[in-house]
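Each chain, letter by letter, is given below.
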Amino acid sequence: MKKILSLILVMCLMLALAPSAFAIWGHLDSCPIWPCLCDEILEGAEKEEQELEYIESLRVFLITDRDEAGDRLDTIVAEVEQPYFYDDKMENQAFLDENEAVKEVLLGYFEEDKLAENLYRSAGFIHTQVECSFDYLREVGSTASLEYRLVAADSAEKVIFSCPALDDEVESISVRVGDILVKLPEACHNQAFTLAMSIAEDSAEIELLDESGAAIEGAEIVK
């Protein structure tokens, strides 16, 4: 009797495990390489997924157009967000502490304890992407305009944006805040600058500063 019960138990286990066994065999049978390199295939798929996520996380892209003569026109667009992480806010704070004259002007816009978290900074990874875009455009023989887009700033009443200097030749630099587009003067093409805006319903007051806190003239709202 015990032998019969043991046999029934073994048969039940075999039936229970059969679907898994067939699934594993089907996976191995469909493997394109034999002996099966399933680990390598899974690792490759995971790497490809990570690369796609990386590309989607990029905040810099090119808009290509042509002028009336048919010459290529390129705009490098850099989407810049306010800091959401502690390290980003500390980076902003370090910038403010190193530029006291700039900070003094900006305190007219925000309280000191809120200044760092309201400051947009095109620095670090985003700035590296911008420079890489210029490298690419030099290779294809194209000049470029640069447009910084302040993401989620369209509902703000006050905006502060700071950018390090560019070493590349640029056709023009502009900053977009929602529907407002501010064209910056040539003086900003090769030096660091800070743009402060107080935004009303149909207009905006602008202060454009160099690293010493001195005003840079010539910023213009083009639309």
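Residues numbered from 1 in each chain as written. Predicted model: local features only at pLDDT ≥ 70, side-chain atom pairs only at ≥ 80, totals over all residues. Heavy atoms only, no water.

K.L.:
How do you make sense of helix H3 (residues 86–98) when you look at a structure like this?
P.N.:
In an α-helix there are 3.6 residues to a turn, and that puts residues three or four apart on one side. Here H3 contains 13 residues, and its C-alpha end-to-end distance of 18 Å stays within 8% of the 18 Å for a straight helix at 1.5 Å per residue. Listing the buried residues of H3 in full gives Asn92, Phe95 and Leu96. Buried residues of H3 fall within an arc of 100° about the axis and therefore sit on the same side. Exposed and facing more than 90 degrees away from the buried side of H3 are Tyr86, Asp87 and Glu98. Buried residues in H3 make contact with helix H4 (100–106), helix H5 (112–115), strand E3 (119–121), strand E5 (158–163) and strand E8 (193–199). (Helix = DSSP H or I, 4+ residues; strand = E, 2+ residues; numbered from the N terminus. Expected span 1.5 Å × (residues − 1). Buried < 20%, exposed > 50% of the residue type's maximum accessible area, 1.4 Å probe, protein only. Arc of directions from axis to C-beta. Contact = heavy atoms within 4.5 Å.)

K.L.:
Can you help me understand a negative patch on the surface in this one?
P.N.:
Judged by side-chain charge, Asp39, Glu40, Glu43, Glu46 and Glu49 come together as a negatively charged surface patch. One can find glutamate 46 in helix H2 (residues 38–57). (Patch = residues over 30% accessible without salt bridge, like charges linked within 9 Å, V, L, I, M, F, W, Y side chains within 5 Å. Areas by Shrake-Rupley, 256 points an atom, 1.4 Å probe, with all protein chains shown as cover. Salt bridge = Lys/Arg side-chain N within 4 Å of Asp/Glu carboxyl O. Lys, Arg positive; Asp, Glu negative; His and termini not counted. Charge placed at Lys NZ, Arg CZ, Asp CG, Glu CD.)

K.L.:
Explanation requested: the environment of tyrosine 120 in the structure shown.
P.N.:
Tracing the backbone shows tyrosine 120 in strand E3. For the pair tyrosine 120 and valine 151, spaced 31 residues apart in sequence, the C-alpha separation works out to 9.4 Å. Not counting residues up to four positions away in its chain, the partners in contact with tyrosine 120 are Val80, Glu81, Gln82, Leu150, Val151, Ala152, Ala153, Val159, Ile160, Phe161 and Ser162. Among the polar contacts listed, one links the side chain of tyrosine 120 to the backbone oxygen of valine 151, at a separation of 3.2 Å. (Polar contact = N/O pair within 3.5 Å; in protein donor to acceptor, adjacent residues only side chain to side chain.)

K.L.:
Before we go on, may I ask you to explain the pattern of salt bridges in this structure?
P.N.:
Where charged atoms from two side chains of opposite charge come close, those side chains can pair. Enumeration over the complete set of coordinates arrives at 9 salt bridges. Between arginine 59 and glutamate 79 there is a salt bridge, and its shortest N-O distance comes to 3.3 Å. With a gap of 20 residues between them, arginine 59 in the loop between H2 and strand E1 (60–66) and glutamate 79 in strand E2 (residues 72–80) connect regions that are remote in the sequence. Between arginine 138 and aspartate 135 there is a salt bridge; the shortest N-O distance is 2.2 Å. In this pair, arginine 138 and aspartate 135 are both assigned in helix H6 (residues 125–139), 3 residues apart and thus about one turn of the helix distant. Note on aspartate 135: relative accessible area 35%, which makes it partly exposed. Among the ionic contacts, a cluster of salt bridges with common partners joins Arg59, Glu79 and Glu81.

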